[in-house]
Amino acid sequence: MADKTGVGAAILRKEDKRFLTGKGNYVADITRPHMTHGVFLRSPHPHAILKGVDIAAASAMPGVLGIFTGADLEADGVGGIPCGWGITNVDGSPMKEPTHPALAVGKVRCVGDAVAFVVAETLEEAREAAEAIEVEYDVLPPVVGVLDAIRPDAAAVFDDIPNNTCFDWECGDAAATAKAFAGAAHIARINLVNNRLVGNPMEPRAAVAEHNAAHDHYTLWTTSQFPHIVKLLMGNFVLHIPQHKIRVVAPDVGGGFGVKQFLYAEEAILTWASAKVGRPVKWVNERSEGFISDAHGRDHVSEAELALDADGKFLGLKVRTIANMGGYLSTFGPNIPTNLYGLLLAGVYTTPAIHCEVKGVFTNTIPVDAYRGAGRPEATFLLERLVDVAAAEMGIDRAEIRRRNMIDASQYPYQTPVVVKYDSGDPKACLAKALEVGDWDGFPARRAESEARGKLRGIGLCTYVEACGLAPSRIVQSLGARAGIFESATVRVHATGHVTVLIGTHNHGQGHETTFAQIVSEKLNVPADDIEVVFGDTDKVQFGLGTYGSRSLAVGGTALVKAADKIIEKGRKIAAHMLEAGVGDIVFENGDFSVAGTDRKKSFGDVVGAAYGLVNFPIDVLEPGMEEQAFYDPVNFTFPGGAHLAEVEIDPDTGVVELVSYLAVDDIGTVINPIIVAGQLHGGIVQGIGQALYENCVYDEHSGQMLSGSFMDYAMPRADNLPNMQIVTHSTLCTHTSFGVKGCGEVGTIGSPATVMNAVVDALSHLGVHHVDMPATPNRVWRIINNNTNQLRAAE
């Protein structure tokens, strides 16, 4: 190639041209012949008996083609929305898994629970008809907070589930941990809340469904991160449609962050309704509707204790967490606060004994599931806040206490006490680089300068590890997964030498069309511009698990390399025939197949031409064509990690926290495209900053109404809230993925909340502040400053 477009090249994103010129194709852009429009009528109550739904007057309104309720779905044999991950209780029994009807039956369990679906000729007619539906509710007291849910007198979200408890799970060794605590010189403790978040992707969820009556075939266009799983769950468990009778297409998707990772009731209802009205049906979520219908994230309450010896070495860790499941179980909901949380509590440390208990509870709130990072940010926040508390109480520098307890590079592969085994890493080197680049030792001078201007300055540090790509199918299935975790890729080389890649992951902003093209460019020496990457169509891509958990490059990319290797192997056989040599003598380098040790060679284009019969081809020996498929089931998680450093200034008069600097030193394995890596890290860091300083989904504890249901009340980080961020990579290579990649899509979100909050607490530490719950809003910080200042004055 004249210009390198393979691994490591900082080329611009291929997909951006169509996005920036308005040529993207999103679900809301799709129009089908004779298309109708749908609107959901949602419950205004968080908890109520559904006594009746009167659709008579609404059904007679102009343009209305059909109004459907939960009773209609039940009568037609439509099943509930399944949960894709089951958790086993401490006593070995399965978790409680109540039915999740696509439209409410008998009871509504959260504000936003859908009770009817209206299909009309126009959107306006559907809205007017929805408003005319008369619903009779018998309102019940709601339960909102996780601590309220387990009180003896709490309202029952499900009548047959005692104490609103979905599961009671544990990991680690309770006896060994108790022994470690018994011999501790010091025990650090912390109680904290991991605040509830709303994903708010730029593109709201949407769907268009169409039924072909002649072939009894369904097509669903949807804003999904994993169309094949939507097809599988919806077809097999909800609508009972054979897989060959369903096509699911996820075209361009404008952001996901986990929110679009699940099977939603709306997708199944639209697909079913398209057959009932005999015409295509379209639904686009309004932004305010998204607040009460998209799955939420986080929402934990935790107690944690860290046992240390007299030198500050970690001996044991105890964690007790209550996690909110919401009113129903979402697709992966039970897995997030258990396997993806408890198994990461070792962090980058050599803590020999860990025990974690997690109770999942139902409440009258929106279901909770994965949000960028999914369990790992929650684990990192808890652990890194606790380490800071231990350092303060023992009078040890925060960097030093981490250094003393870190896994050394020579100890990898490292078996943690909570199942997972890290294959590679060098956290000490990441920490050293962060302290050097961030000028940790020079902070006192910067703090003094801020104080001279009347500001309180703090510095925060976080070291972390993430688990990406999920583990082998056999392991995750033993942990409760109800599907495998493999990925597929197909490489199709056309007769002209151009390449089409079909892959089972999906692209919703990460730049995969570029990075996957770069991988194929590296393998086959074809320019990236000559490579097309196809995602998201279950009729084109054989199967795939989609995009989540930073798995696309580690798992999908490795499948892609395996498929490309098969292309090369077939090319070697063809070249051997063309060059009259043994296959074992043929090597492929720099785009040429050659006989080793000679100047005899054929170009990749020559060999591809032969495969399609453009020159003499050994058809009696090989099948024509040049297309290969591969599947990859990962042998382990990948484990990116790093060290982040942040500084904040706080105005004591207003409580406003200003983030003045942010540094990320990350070990993400081989960097395929540094521009895309920087973009992914920036985005992830900003979402973590949002949780730390701005975002909070709040329900009124008495009424169960959401108080932060719009951008007027739910604060999101803006560009003017952020400093220029320094991004540094210090990578070790994964031992089991192609090119040694680890994944980078979520690392920023995992490291940043603890980093920022550690800086906030440091800025307030002179007032005796040991912890601040997220988000550190001006109101919260101002109250802490004034309360603690008054207490200090009273003590004088």
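Residues numbered from 1 in each chain as written. Predicted model: local features only at pLDDT ≥ 70, side-chain atom pairs only at ≥ 80, totals over all residues. Heavy atoms only, no water.

Thoughts on unusual backbone geometry
Here's step 1: Pro 413 follows Tyr 412 through a cis peptide bond whose omega is 0°.
Here's step 2: Relative to the assigned elements, Pro 413 resides in the loop between α12 (398-405) and β18 (414-415).
Here's step 3: Residue Met 774 is joined to Pro 775 through a cis peptide bond whose omega torsion reads -10°.
Here's step 4: By secondary structure assignment, the location of Pro 775 is in the loop between α20 (747-764) and α21 (778-795).
Here's step 5: Within the chain, Arg 298 stands out as a residue other than glycine whose phi angle is a positive 65°.
Here's step 6: Take Arg 298: its relative accessible area is 3%, and that puts it in the buried class. (Helix = DSSP H or I, 4+ residues; strand = E, 2+ residues; numbered from the N terminus. Buried < 20%, exposed > 50% of the residue type's maximum accessible area, 1.4 Å probe, protein only.)

Here's the deal with the pairing of strand β21 (residues 487-493)
Here's step 1: Counting buried positions over the seven residues of β21 gives six, a clear majority of the element.
Here's step 2: For β21 and strand β27 (residues 627-632), the ladder comprises six bridges, and the chain directions are antiparallel. What sits directly across from Val 491, in β27, is Glu 628.
Here's step 3: Here five bridges tie β21 to strand β22 (residues 499-503), and the two strands are oriented antiparallel to one another. What sits directly across from Thr 490, in β22, is Leu 502. (Pairing = 2+ DSSP bridges.)

Digging into the packing of aromatic side chains
Here's step 1: In this structure the tally under the stated criterion is 23 aromatic pairs.
Here's step 2: The interplanar angle of 35° and the centroid separation of 4.4 Å between the aromatic rings of Phe 40 and Phe 117 together place this pair among those described as tilted. Here the residue Phe 40 occupies a position in strand β1 (residues 36-42), and Phe 117 occupies one in strand β5 (residues 114-120), the gap between them amounting to 77 residues. Phe 117 carries the same exposure label as Phe 40, and that label is buried.
Here's step 3: A connected cluster of aromatic rings, assembled from ring pairs, spans Trp 85, Phe 226, Phe 332 and Tyr 548.
Here's step 4: Its guanidinium or amino end placed over the ring of Tyr 264, Arg 205 lies 3.6 Å from that ring's centre, counting from NZ or CZ.
Here's step 5: Seen from the ring of Phe 181, Lys 318 lies directly overhead, with NZ or CZ sitting 4.5 Å from the centre. (Phe/Tyr/Trp six-rings, centres within 6.5 Å; stacked < 30°, edge-to-face > 60°. Lys NZ or Arg CZ within 6 Å of the ring centre and 35° of its normal.)

Some details on the nonpolar core
Here's step 1: Among the nonpolar cores identified, the biggest contains 161 residues, and Phe 117, Tyr 422, Ile 650, Val 760, Leu 764 and Val 772 are the most heavily contacted of them.
Here's step 2: With 10 residues, α20 is the largest single contributor of residues to this core.
Here's step 3: Apart from the residues within four sequence positions on either side, Phe 117 is in contact with Gly 38, Val 39, Phe 40, Gly 66, Ile 67, Phe 68, Leu 103, Ile 269, Leu 270, Ala 273 and Val 281. (Core = buried A, V, L, I, M, F, W, Y, C linked by side-chain atoms within 4.5 Å. Contact = heavy atoms within 4.5 Å.)

Description of the pairing of strand β16 (residues 314-326)
Here's step 1: Burial within β16 is extensive, with 10 of its 13 residues counted as buried.
Here's step 2: Pairing analysis gives nine bridges linking strand β15 (residues 300-308) to β16, with the strands arranged antiparallel. Opposite Val 301, over in β16, you have Ile 322 as the bridge partner.
Here's step 3: Turn length for the β15-β16 hairpin, with the two strands adjacent in sequence and antiparallel, is five residues, and the turn residue Gly 312 shows positive phi of about 85°.
Here's step 4: Across 10 bridges, the pairing between β16 and strand β17 (residues 353-362) is parallel. The partner of Ile 322 across the bridge, within β17, is Lys 359.

By themselves, these observations are geometric and do not establish any function.
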